[in-house]
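What the coordinates show
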Amino acid sequence: MGLFKKNTRPELPNFWKTYEASFQEKPKYIWDRQQFVVLDTETTGFDFEEDRILCIGALLVQGQTILVKESFEVYLLQERYNSETAEIHGILKRGKLQKIPELEALKRLLIYLGNRIIVAHHTQFDITMINRALRRHNLPQLKNKTLDTAILYQRSLIKSKLLERKAHYSLDELADKFNISKKDRHTAIGDAYITAIAFLKIVSKLKKKKDFALKPLLE
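Everything quoted here is computed from the prediction, not taken from an experiment.

Observations concerning the pattern of salt bridges
Throughout the structure, instances matching the rule amount to 9 salt bridges. With a shortest N-O distance of 3.0 Å, Asp176 and Lys182 are connected by a salt bridge. By relative accessible area, Lys182 is classed as partly exposed at 34%. Among the salt bridges present, the one from Arg185 reaches Asp191, with a minimum N-O distance of 2.8 Å.

Right under this line is the structure:
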């Protein structure tokens, strides 16, 4: 008796406690009242263990408005470098961009997120990359509910034997279908902006369906 201590969670930093406390208030999940964070990450590659986040870009969306003035963008110091992916996103290891440590980037992101719903295109990738980064600093996983524009777009399509529905739709395809400029494609904030516009257009289509509610769509 008393010789063994129960496993206790390590003391978490104040910024995590503030983030966690924001979830104590129960959300109402009403489309026009809910704020969404539409985000995108640029990374050194697609390996969740080996690759790292280079940049996070995000925008707030509420109702039919993208709150551009309240955008979020951070560049991270690079501990890994991949010349092949650098040709796509253009983020150089020794470029002129101001870069911050990974933990500081995560801190700023959590403050920005609060308890808002996260929206991304192929959300699982971005969320997993962020969660792996959190784990490297002994922090828990994100608590936010999520929406995936790739899945939402599929739901918005008319069910017909005459129309072929693909299992996968890229962000480029959504940009083309909704006539969205791809000028800043493959930058985190640029892709977040494309995703945000596509999200609003998809939601506008979905709202025309009967009994369309937000909560059942959340992951």
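The rest of the description comes next.
Considering the side chain of Glu102
Within the secondary structure, Glu102 is located in helix H3 (residues 102–113). Of note is the side chain of Glu102, whose polar atom sits 2.8 Å from the side chain of His137. Those residues in contact with Glu102, other than ones at most four positions away along the chain, are Arg52, Leu76, Ala133, Arg136 and His137.

Comments concerning a positive patch on the surface
Positive charge collects at one region of the surface, where Arg155, Lys177, Lys205, Lys208 and Lys209 lie side by side. Turning to its location among the elements, Lys205 is positioned in helix H7 (residues 188–206).

With respect to the pairing of strand S1 (residues 35–43)
Of all 9 residues in S1, 8 are buried, a share of seventy percent or more. As paired strands, S1 and strand S2 (residues 53–62) are joined by 9 bridges and run antiparallel to one another. Within S2, the position partnered with Thr41 by the bridge is Ile56. Two strands pair when backbone bridges link them, and S1 and strand S4 (residues 117–120) are joined in this way by 3 bridges, in the parallel orientation. In the sheet register, Val38 faces S4, and the bridge partner there is Val119.

A short note on the packing of helix H1 (residues 14–21) against H3
Between H1 and H3, the least distance of the axes is 9 Å, while the angle of their chain directions is 25°. Judged by the inter-axis angle, H1 sits roughly parallel to H3. The hand of the H1/H3 crossing is left-handed. Residues Phe15, Trp16 and Tyr19 of H1 form the contact with H3, whose participating residues are Leu103, Lys107 and Leu110. Class assignment of the residues belonging to the contact of H1 with H3 gives a composition of 5 nonpolar, no polar and 1 charged.

Here is what the cut-offs are and how they apply
Residues numbered from 1 in each chain as written. Predicted model: local features only at pLDDT ≥ 70, side-chain atom pairs only at ≥ 80, totals over all residues. Heavy atoms only, no water. Salt bridge = Lys/Arg side-chain N within 4 Å of Asp/Glu carboxyl O. Buried < 20%, exposed > 50% of the residue type's maximum accessible area, 1.4 Å probe, protein only. Helix = DSSP H or I, 4+ residues; strand = E, 2+ residues; numbered from the N terminus. Polar contact = N/O pair within 3.5 Å; in protein donor to acceptor, adjacent residues only side chain to side chain. Contact = heavy atoms within 4.5 Å. Patch = residues over 30% accessible without salt bridge, like charges linked within 9 Å, V, L, I, M, F, W, Y side chains within 5 Å. Areas by Shrake-Rupley, 256 points an atom, 1.4 Å probe, with all protein chains shown as cover. Lys, Arg positive; Asp, Glu negative; His and termini not counted. Charge placed at Lys NZ, Arg CZ, Asp CG, Glu CD. Pairing = 2+ DSSP bridges. Axes fitted to C-alpha atoms, helices over the stretch in contact; angles between N-to-C directions. Parallel < 35°, antiparallel > 145°, perpendicular 65-115°, else oblique. Left-handed = near helix turned anticlockwise from the far one by under 90°. Nonpolar A, V, L, I, M, F, W, Y, C, P; charged D, E, K, R; others polar.

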